[in-house]
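Observations on the three-dimensional arrangement
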Amino acid sequence: MTPPPPPSFLTSLKDLLGPKGWSDDPDRLAEAATPWRGTYRGETPLIARPAATAEAAALVKLCAQHRVAITPQGGNTGLVDGGTPHGEICVSMTRMTALRETDPFNNSLTIEAGATLVAAQQAAEAAGRLFPLSLGSEGTATIGGLISTNAGGVAVLRYGMMRDLILGLEVVLPSGEVWDGLSGLRKNNTGYDLKHLFAGAEGTLGLITAATLKLFPRVQAASAWVICASADDVVSLLAAVQGKAGDSVTSFEMIPANAVEMVITDIPSTRDPMPSNAPWRVLIEISQPTEDHARALLESALGAAAEEGLIQDAVIAASETQSRSFWHIRESIPLSKRAYGTALNQDIAVPVSRIPAFITACNAAVRAVLPPADFVIFGHVGDGNLHYSVVEPAGAAAPQLKASEAAITRTIFDTVMAHGGSISAEHGVGRLKRDELARLRPRAATDTMRAIKQALDPLNIMNPGRVVSV
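Fair warning: this is a prediction, and the values are worked out from it, not measured in the lab. (Residues numbered from 1 in each chain as written. Predicted model: local features only at pLDDT ≥ 70, side-chain atom pairs only at ≥ 80, totals over all residues. Heavy atoms only, no water.)

1. A short note on the environment of Glu299
Applicable threshold: The helix and strand labels rest on DSSP assignments: H or I over at least four residues marks a helix, E over at least two residues marks a strand, and numbering proceeds from the N terminus. The cut-offs for exposure are 20% and 50% of the maximum accessible area for each residue type, with area from a 1.4 Å probe on protein chains only; residues under the lower value are buried, those over the upper are exposed, and the others partly exposed.
Here Glu299 shows up in helix H10 (residues 291-307). Glu299 sits in the partly exposed class, given a relative accessible area of 41%. For the pair Glu299 and Ile316, spaced 17 residues apart in sequence, the C-alpha separation works out to 7.8 Å.

Okay, structure coming up:
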């Protein structure tokens, strides 16, 4: 836990930001120190709420002068204890939400870090363009947080991760100096590409205050709910659909039958689009300039896959309402998993071709630790990202996972690495995965990250203890 700052510093900080720029209300402090899943609690003496880049810079400069640590926070939707303060000043970006510029001819927009993902999507739509990042928490997650964690979502297959959608950044460095790297350029080969230092750094190298983002032409989508007999068929289906539709495959989501059952049971107004005893469902989305083109391409791809015996059954959404009902099931899985209470959730990635072998090997390895363990495994198959959850055995008289948590977690991580994967695909590192990552990745990688951290933040005031220890 970071030691509390002196009262004199807090007085100076309050004077700097003015009455609207800070809060020490106990309820708001508790909310800022509790992530949305509520699985752990942090602590903060003060929430700082800068309203402009100049205020954010003055805030960081004051913290540097007094050696007071800060934790930047966006929508507080993180999952790895990266944005939860543990004694640090919580810097909330929720007052910095302005849309600074939209340039439809350059296919770009510049927006402040506290704006939500939905706000960026709506700004793009108003300009006749598309900002393609999409995920379940888009109404709460902020642009700064999404960049800091290099968020993924359901459209990575076509558009890439958050870092792939950034053209430029504005960042307050740990000294309080502002780096204005906002730019709409797609070609700028003038040395180190600094924006990629801050994407995925989880606030450990600087405070992101604004970003210039890539926009794309608007598209129309067609969606299908598909039944598959095995994980091998799911992976083969992906290759078959891509062979017909190319890069117009926007999303390819793998969903187990037990997750559908869980959602139907836990969440009102949901129903199974196509009941089946088969173990896997796939939610496919193809995007084209018109809906008719997208639907025709999807029909052709599924027809070819059916001839190869890769699918058991399928339904193509006949309306936007039906398509939304498919996505509602997929996006409700993380919410429904909370009913298990003690589920051990991991966000991992392996090469797409190794997904079936990984699932088989990891399930067996976990059951060697806890024989009655059950699983909920779903995710973005198109980019190899699985959300791998070990859940309490059905009908268990008492919770069993907690006693084996450390052994199960290490088993999962070791199996991921044995299959050429990563122990964090899109959620980041934070505090929860920092030490395991140091154990698993090459020593040279950890040493290089530590050297960058120490060079940019020698006082270690920017979100200390996250990503890499110093």
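2. So, the packing of aromatic side chains
The way to describe two aromatic rings as a pair is by their centre distance and the angle between their planes. The criterion, for reference: Each Phe, Tyr or Trp ring, with Trp reduced to its six-membered ring, pairs with another whose centre is within 6.5 Å; inter-plane angles below 30 degrees give stacked pairs, above 60 give edge-to-face pairs, and intermediate values give tilted ones.
In total, this model carries five aromatic pairs according to the counting rule given. An angle of 65 degrees between the planes, with centres 4.9 Å apart, marks the rings of Tyr159 and Phe216 as edge-to-face. Linking Tyr159 in helix H6 (residues 156-159) with Phe216 in strand S11 (residues 216-217), this pair joins segments that are 57 residues apart in sequence. Judged by its relative accessible area of 12%, Tyr159 falls in the buried class. Taking the centre distance of 5.7 Å and the plane angle of 65 degrees together, the rings of Phe358 and Tyr388 count as edge-to-face. In this pair, Phe358 is assigned in helix H12 (residues 355-369) and Tyr388 in strand S18 (residues 385-391), connecting sequence segments 30 residues apart. A residue is classified by how much of its surface remains accessible, and Tyr388, at 0% relative accessible area, is buried. Among the aromatic residues, ring-to-ring pairing joins Phe358, Phe375 and Tyr388 into one connected group.

3. Focus on the pairing of strand S12 (residues 220-228)
Convention followed: Here, any two strands with at least 2 DSSP bridges between them count as paired.
Most of S12 is tucked away: seven of the nine residues are buried. The sheet contact formed by S12 and strand S14 (residues 280-288) spans nine bridges and is antiparallel. The partner of Ser223 across the bridge, within S14, is Glu285. Here S12 pairs with strand S15 (residues 313-316) via four bridges, running antiparallel. Within S15, the position partnered with Trp225 by the bridge is Val315.

4. Some remarks on the sheet that holds strand S17 (residues 374-380)
As a reminder of what qualifies: Axes here refer to lines fitted to C-alpha atoms; in helices the fit is confined to the stretch in contact. Angles between the N-to-C directions go from 0 to 180 degrees. Any two residues whose heavy atoms approach within 4.5 Å at even a single point are treated as in contact.
As summarised here, the arrangement of the seven strands in space is S15-S12-S14-S13-S17-S18-S16, forming an open sheet in which the pairing is antiparallel. Among the strands making up the open sheet, the edge pair consists of S15 and strand S16 (344-349). Pairs of neighbouring strands in the sheet enclose a mean axial angle of 15 degrees, with direction left out of account. With seven bridges connecting them, strand S13 (residues 249-256) and S14 associate as antiparallel partners. If you follow Ser251 over to S14, its bridge partner there is Glu285. Seen against the sheet, helix H9 (residues 257-266) touches S12, S13, S14 and S17 and runs at an angle of roughly 80 degrees to S13. Along the sheet, H12 contacts S13, S14, S16, S17 and S18; its crossing angle with S18, the most-contacted strand, is approximately 20 degrees.

5. Observations regarding the pattern of salt bridges
As a reminder of what qualifies: Only one rule defines a salt bridge in this text: a Lys or Arg side-chain nitrogen within 4 Å of an Asp or Glu carboxyl oxygen.
Per the stated rule, a full pass over the model turns up 18 salt bridges. Between Glu405 and Lys402 there is a salt bridge, and its shortest N-O distance comes to 3.1 Å. Three or more residues are tied together by salt bridges with common partners; here these are Arg410, Asp414, Glu436 and Arg439.

6. A few points about the packing of H12 against helix H13 (residues 405-418)
A pair of packed helices is characterised by two quantities: the angle between their axes and the separation of those axes. The condition that has to hold: Note on terminology: angles under 35 degrees are roughly parallel, angles over 145 are roughly antiparallel, angles of 65 to 115 are roughly perpendicular, and the others are oblique. Each crossing gets its hand from how the near helix is turned against the far one by less than a right angle, where anticlockwise is left-handed and clockwise is right-handed. Amino acids are sorted into nonpolar (Ala, Val, Leu, Ile, Met, Phe, Trp, Tyr, Cys and Pro), charged (Asp, Glu, Lys and Arg) and polar (every other residue, Gly among them).
Viewed as axis vectors pointing N to C, H12 and H13 meet at an angle of 155 degrees, and their least axial separation amounts to 9 Å. Taken together, the axes of H12 and H13 lie roughly antiparallel to each other. Handedness of the H12/H13 crossing: right-handed. Listed contacts from H13 to Phe358, Ala361, Cys362, Ala365, Val366 and Val369 of H12 are Ala407, Ile408, Thr411, Ile412, Thr415 and Val416. Considered class by class, the residues forming the contact of H12 with H13 number ten nonpolar, two polar and no charged.

7. Notes on the environment of Ala364
Note on placement: Ala364 falls in helix H12. We classify Ala364 as partly exposed; its relative accessible area is 48%. For Ala364 and Ala222, which are 142 residues apart along the polypeptide, the C-alpha to C-alpha distance reads 37 Å.

8. A few points about the side chain of Thr204
Put simply, the test is: Any N or O atom pair separated by 3.5 Å or less is treated as a polar contact, with the protein-specific requirement of one donor-capable and one acceptor-capable atom, and with residues adjacent in sequence counted only for side-chain atom pairs.
For Thr204, the location among the structural elements is in the loop between helix H7 (195-198) and strand S10 (207-214). Looking at Thr204, the relative accessible area reads 5%, which means it is buried. Here Ala201 takes part through its backbone oxygen, which lies 2.7 Å from a polar atom of the side chain of Thr204.

9. Notes on a nonpolar patch on the surface
As a reminder of what qualifies: Exposure above 30% relative accessible area and no salt bridge define the residues that can form patches, which grow by joining like charges within 9 Å and nonpolar side chains of Val, Leu, Ile, Met, Phe, Trp and Tyr within 5 Å. Residue-level accessible areas treat just the shown protein chains as cover; the underlying method is Shrake-Rupley with a 1.4 Å probe.
Together, Tyr192, Leu194, Leu197, Ile452 and Leu456 give the surface a local cluster of nonpolar side chains, amounting to about 450 Å² of exposed area. Note on placement: Leu197 falls in helix H7. The partly exposed category is assigned to Leu197, whose relative accessible area is 30%.

10. Topic: the nonpolar core
Rules: To qualify as a nonpolar core, a set must consist of buried Ala, Val, Leu, Ile, Met, Phe, Trp, Tyr and Cys residues joined through side-chain atoms within 4.5 Å.
By size, the foremost hydrophobic cluster in this structure holds 55 residues, and its most contacted members are Ile89, Phe131, Ile143, Leu146, Ile147 and Leu213. Broken down by element, this core gets its largest block of residues, seven residues, from helix H3 (residues 53-66). Ignoring anything within four residues of it in the chain, the contact list for Phe131 reads Leu117, Ala120, Gln121, Ala124, Met162, Leu165, Leu213, Lys214 and Leu215. Ranked by size, the runner-up nonpolar core spans 53 residues in total, among them Val235, Leu238, Phe413 and Val467.

11. Looking at the sheet that holds strand S5 (residues 99-103)
Here we have five strands laid out as an open sheet, ordered S5-S6-S10-S8-S9, and antiparallel in their pairing. In this open sheet, the two strands that pair with only one neighbour each are S5 and strand S9 (178-181). Averaged over all neighbouring strand pairs, the angle between strand axes comes to 15 degrees, with direction disregarded. In this fold H3 packs onto S5, strand S8 (166-172), S9 and S10, with an angle of close to 50 degrees to the strand it touches most, S8. Against the sheet, helix H4 (residues 117-126) makes contact with S5 and strand S6 (108-112), and its axis sits at roughly 145 degrees relative to S6, the strand it touches most.

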